[in-house]
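Secondary and tertiary structure notes
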Amino acid sequence: MKRSVLIYQSIALITLAVAFILLWSFSKGTPFVESGLTFDETAADSYAVLQENLYRMVPILLGSIFFSIAIAFYLEEWLAQTSWIYGIVAQQITILASIPSLLYGLLALYFFVLQSEKGSFFTHALTVVLLVMPITIQSTQMAIRGVDISVREAAFALGANRWRVVIDHVFPNAFSTIVAGICTAISRALAISALIIVVYFWREPALQSGDTFNVPSSVIVLLSSALLSSVISSFLEKKANLT
Amino acid sequence: MQSRKTDPILQVHNLNVWYGKDQILKNLTFDVLPKQVTAFIGPSNSGKTTLVRCFNRLNDLALNFKLTGQILYKGDKLYTPKLKASKISRQIGMIFQKPIPFHKSIYENVAYSARLRGVKQSTQLDTTVEESLRKAQLWKEVYKDLQASPDILSNGQQQRLCIARALAGAPEILIFDEPCEQLDAAETPKLEAIVQSLKNRYTLIFVTNKRRQAARVSDVAGFLYDGELVEFRQTEQIFTNPKDKRTENYVTGRLG
Ligand SMILES: Nc1ncnc2c1ncn2[C@@H]1O[C@H](COP(=O)(O)OP(=O)(O)OP(=O)(O)O)[C@@H](O)[C@H]1O
Ligand SMILES: [Mg+2]
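Here's what I pulled together on the structure shown here. (Residues numbered from 1 in each chain as written. Chains lettered and ligands numbered in written order. Predicted model: local features only at pLDDT ≥ 70, side-chain atom pairs only at ≥ 80, totals over all residues. Heavy atoms only, no water.)

**Details of the overall build of chain A**
Worth spelling out the cut-off: Only DSSP runs of H or I with at least four residues qualify as helices, and only runs of E with at least two residues qualify as strands; both kinds are numbered from the N terminus onward. Whether a residue is buried, partly exposed or exposed follows from its accessible area with a 1.4 Å probe, protein chains only, as a fraction of its type maximum: under 20%, in between, or over 50%, in that order. Computed with a 1.4 Å probe, the accessible areas rest on the Shrake-Rupley method; for each residue, only the protein chains presented here act as cover.
Along chain A, the regular secondary structure elements total 9 helices and 0 strands. Overall, chain A shows an N-to-C arrangement of helices and strands of α-α-α-α-α-α-α-α-α. Residues counted as buried form 50% of the 243 residues belonging to chain A. As displayed, chain A has an accessible area near 11800 Å², and 72% of this comes from carbon and sulfur atoms.

So, in structure tokens, the structure goes:
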């Protein structure tokens, strides 16, 4: 139930962002996707920086997803079994995960205005990590808890240790729900990235000169992948609920 | 019925079990002899499941579980920090109320427990799978569909698959916790026949709340009532000549 709220939220956010970009681009009276661009030198530089930053975001995004899944498994399968700290940590994550992504976006924008190019990459990365990790951890936790206790018990009763139970049973059984969670998180990260790029674009007068409107096109790509991944996520979730 | 002069495989001494503040088992003492069927009977919530889960240390999974007293498996302490629960459960298998096949093929379900104990060679796996399925009297029904999902099997067949899977782990003791509870009536005799055929090779512990079933399958029976082991004797005697009034009420159907 909670996750479907997240999906609606991310779709709403994406729609908002798309509408925003459409309006903005139209007011400039330029097409979104333009090939054969002519950059002046500074524009080319700024554009290169932007593109490089985007590429560097990919490993950060994947890394934080991987890390989140590992944390979720550690929390559910190990910490929950042994320590009262579990309750506190789980609660903190719930709180972080329920912060609307728009707030992260605003935070990022605020810092963005203050910061230099290098700093802006850092802000972008931090926003994505902060945004992605709590939701991924939480949705993975839900997926792990969703695995039938009897399956675990049956495996333990055969002499599997916890590692084996997790690898052979919990993970495969929770897999599609975990992926659904990842898609939701990615779609939110993409939407925020799109927003941040727009702002970056705004800040760089060099990029706005002439016909260099390649940035909106990358924004469109980001947003459509965001939309796609939230569609995949809701599809996977439906599938996971059926089985 | 023959009086064997064998060492007990399980010795339970002054066993007390709590879940949180609730005492579930109260001062149980008894021995389980090898290559026999030992049944535990008793009304709902009397602690039968809790008791047998002490043997394979499945209760360790519950955070608020507490145990005092002693359980010896082949003379060695079952509850010591040195001994890993997974090592114990490899030797003490368990069949649950509900059949719980894994999301793997029929073959892989059975091979799973063989792999857990280190069998790697595929020919050896093949023989283990076949032998185990034969012992569980399922081979003839599934040998053509070994790669199929267990979903195609009936409830009763799935339960037999779980028995085969447990056997493939080469356990010494096999615990059945009300294994017929969720099966079709026609499956019950099949399962009881399997229990009889396994008896001379394994030590069997059989939990049931059907008195007749306990009378049919077991050599020794224990009557649990509200966490107490009221009586623990030869099955025949429990049913024909109960010592305790509560046992008498239960076996005659006036209680539980
Ligand atoms: N994990 C647990 N935490 C707390 N209480 C528990 C737990 N498991 C069982 N109990 C309690 O222990 C008591 C004995 O339960 P148990 O399952 O051993 O009974 P049983 O004889 O197997 O009953 P049934 O015939 O219904 O299977 C019950 O009152 C039950 O509520
Ligand atoms: Mg029970």
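From this point, the discussion proceeds with the structure in view.
**So, the site of ligand 1**
Residues and elements named next belong to chain B. As a reminder of what qualifies: Being near a molecule or strand, for a residue, comes down to having at least one heavy atom within 4 Å of it. In protein, a polar contact means a hydrogen-donor-capable atom and an acceptor-capable atom, both N or O and within 3.5 Å, with residues adjacent in sequence counting only if both atoms are side-chain atoms; elsewhere, any N or O pair within 3.5 Å suffices. Ten residues, namely Ala, Val, Leu, Ile, Met, Phe, Trp, Tyr, Cys and Pro, are considered nonpolar, four, namely Asp, Glu, Lys and Arg, are considered charged, and the remaining ones, Gly among them, are considered polar.
Around ligand 1 lies a shell formed by Tyr19, Ile24, Pro43, Ser44, Asn45, Ser46, Gly47, Lys48, Thr49, Thr50, Gln97 and Glu178. Contact distances for ligand 1 include 3.0 Å between an oxygen atom and a backbone N or O atom of glycine 47. Calculation on ligand 1 without its partners gives an accessible area of 640 Å², and the protein chains cover 65% of this total. Sorting elements by how many residues they give to the shell around ligand 1 places helix α1 (residues 48-55) first, with 3 residues. Its residues placed into classes, the shell around ligand 1 shows 3 nonpolar, 7 polar and 2 charged.

**Some details on the packing of aromatic side chains**
All names here are of chain B. For the record, the criterion: Working definition: a ring pair exists when centres of Phe, Tyr or Trp rings (six-membered ring for Trp) sit within 6.5 Å. Plane angles under 30 degrees give stacked, over 60 give edge-to-face, the rest tilted. A positively charged side chain is recorded as over a ring if its NZ (Lys) or CZ (Arg) lies within 6 Å of the ring centre. The angle to the ring normal must also be within 35 degrees.
Within the structure shown, the criterion is met by 13 aromatic pairs over all chains. Between phenylalanine 30 and phenylalanine 55, the ring centres sit 6.4 Å apart and the planes meet at 75 degrees, which makes this aromatic pair edge-to-face. Placement of the pair is phenylalanine 30 in strand β2 (residues 22-32) and phenylalanine 55 in helix α1, with a sequence separation of 25 residues. The pair formed by phenylalanine 30 and phenylalanine 55 is uniform in burial state, with each residue classed as buried. Between the aromatic rings of phenylalanine 30 and phenylalanine 232, the centroid separation amounts to 4.9 Å while the plane-to-plane angle is 35 degrees, which identifies the pairing as tilted. Of this pair, phenylalanine 30 sits in strand β2 while phenylalanine 232 sits in strand β10 (residues 228-234), placing them 202 residues apart in sequence. Ring-pair connections join several aromatic residues into one group, and the members of that group are Phe30, Phe40, Phe55 and Phe232. The ring of tyrosine 79 is capped by arginine 57, whose NZ or CZ atom sits 5.1 Å from the centre of that ring. Its guanidinium or amino end placed over the ring of phenylalanine 102, arginine 165 lies 4.0 Å from that ring's centre, counting from NZ or CZ.

**Considerations on empty space enclosed by the protein**
Put simply, the test is: Site definitions follow a grid-based scheme: protein atoms alone, a 1 Å grid, a 1.4 Å probe that fits but cannot get out for cavities, and for pockets an open set with protein on both sides within 12 Å along at least five of seven lines, plus lining residues having an atom within 4 Å of a point. Grid points are joined across faces, edges and corners, and a volume is the space filled by probe spheres set on the points.
The final tally for this structure, using the stated rule, is 3 cavities of 30 Å³ or more. Taken as a whole, the largest cavity spans an internal volume of roughly 70 Å³. Lining the largest cavity are Ala154, Ala157 and Leu158 of chain A together with Met94, Ile95, Phe96, Lys98, Pro99, Ile100, Cys162, Arg165 and Ala166 of chain B. When residues in the lining of the largest cavity are grouped by element, the largest group, 3 residues, is from helix α6 (residues 155-168) of chain B. Counted by class, the lining of the largest cavity contains 10 nonpolar, no polar and 2 charged residues.

**Structural notes on the pattern of salt bridges**
Residues and elements named next belong to chain B. Selection rule: Whenever a carboxyl oxygen of Asp or Glu lies within 4 Å of a side-chain nitrogen of Lys or Arg, that contact is scored as a salt bridge.
Within this structure, the stated rule accounts for 19 salt bridges over all chains. Close ionic contact of arginine 115 with glutamate 108 constitutes a salt bridge, the shortest N to O distance being 2.4 Å. For arginine 115, a relative accessible area of 39% puts it in the partly exposed group. Salt-bridge contacts for lysine 190 lead to glutamate 187; the nearest nitrogen and oxygen are separated by 3.7 Å. One end of the pair, lysine 190, and the other, glutamate 187, are both in helix α7 (residues 187-198), 3 residues apart, so they sit about a helical turn from each other. Through salt bridges with shared partners, a single network forms among Glu141, Arg160, Glu187 and Lys190.

**A word on helix α4 (residues 122-135) of chain B**
Along an α-helix, a turn takes 3.6 residues, which lines up residues three or four apart on a common side. Residue and element names in this part refer to chain B. Defined as follows: The span you would expect from a helix comes to 1.5 Å times its residue count less one. Here, the arc refers to the directions that run from the helix axis to the C-beta atoms. It only takes one pair of heavy atoms within 4.5 Å for two residues to be counted as in contact.
An ideal rise of 1.5 Å per residue puts 20 Å on 14 residues; α4 measures up with 20 Å between its terminal C-alpha atoms. Among the residues making up α4, those that are buried are Leu125, Thr128, Val129, Ser132 and Leu133. Along the long axis of α4, the arc covered by the buried residues comes to 125 degrees, so they all point the same way. Buried residues in α4 make contact with α3 (106-116), α5 (139-142) and α6.

**Structural notes on the environment of leucine 167 of chain B**
For leucine 167 of chain B, the location among the structural elements is in helix α6. C-alpha separation for the pair leucine 167 of chain B and serine 122 of chain B, spaced 45 residues apart in sequence, amounts to 18 Å.

**Examining the sheet that holds strand β3 (residues 37-41) of chain B**
All names here are of chain B. Using the following cut-off: At least two DSSP bridges between two strands are required for those strands to pair. Angles shown run from 0 to 180 degrees and are taken between the N-to-C directions of axes, each axis being a line fitted to C-alpha atoms and, for helices, limited to the stretch in contact.
Pairing is mixed in the open sheet, where 6 strands are placed in the order β6-β7-β8-β3-β9-β10. With partners counted over all chains shown, the strands left at the sheet margins are β6 (92-95) and β10, one partner each. If you compare each strand with its neighbour and ignore which way they point, the axes differ by 15 degrees on average. Examined bridge by bridge, strand β7 (residues 173-177) and strand β8 (residues 203-207) share 5 bridges and lie parallel to one another.

**What about the interface of chain A and chain B?**
Put simply, the test is: As used here, buried area is the combined drop in accessible area, with a 1.4 Å probe, of two parts when they are placed together.
Contact with chain A, which involves 19 residues of that partner, is made by 22 residues of chain B. Both faces considered, chain A and chain B share a buried interface measuring about 1600 Å² in area, 63% of it formed by carbon and sulfur atoms. The three residues of chain A that bury the most area against chain B are Glu153, Ala157 and Leu158 of chain A, which together make up 36% of that side's buried surface. Taken together, the connections running from chain A to chain B amount to 2 salt bridges. Residues lysine 98 of chain B and aspartate 148 of chain A are paired through a salt bridge, measuring 3.8 Å at the closest nitrogen-oxygen approach. Put simply, the parts of the chain that give the side of chain A that touches chain B at least two residues each are α2 (41-82), α6 (149-157) and α7 (162-203) of chain A. Per-element tally for the side of chain A that touches chain B: the top contributor is α6 of chain A, with 7 residues.

**Brief notes about the nonpolar core**
The criterion, for reference: What we call a nonpolar core is a set of buried Ala, Val, Leu, Ile, Met, Phe, Trp, Tyr and Cys residues that are connected through their side-chain atoms within 4.5 Å.
Formed by 105 residues in total, the largest nonpolar core has its most connected members in Leu15, Phe55 and Leu133 of chain B. Per-element tally for this core: the top contributor is α2 of chain A, with 9 residues. With sequence-adjacent residues up to four places away left out, leucine 15 of chain B is seen in contact with Leu25, Lys26, Asn27, Leu28, Leu51, Cys54, Leu67, Thr68, Gly69 and Ile71 of chain B.

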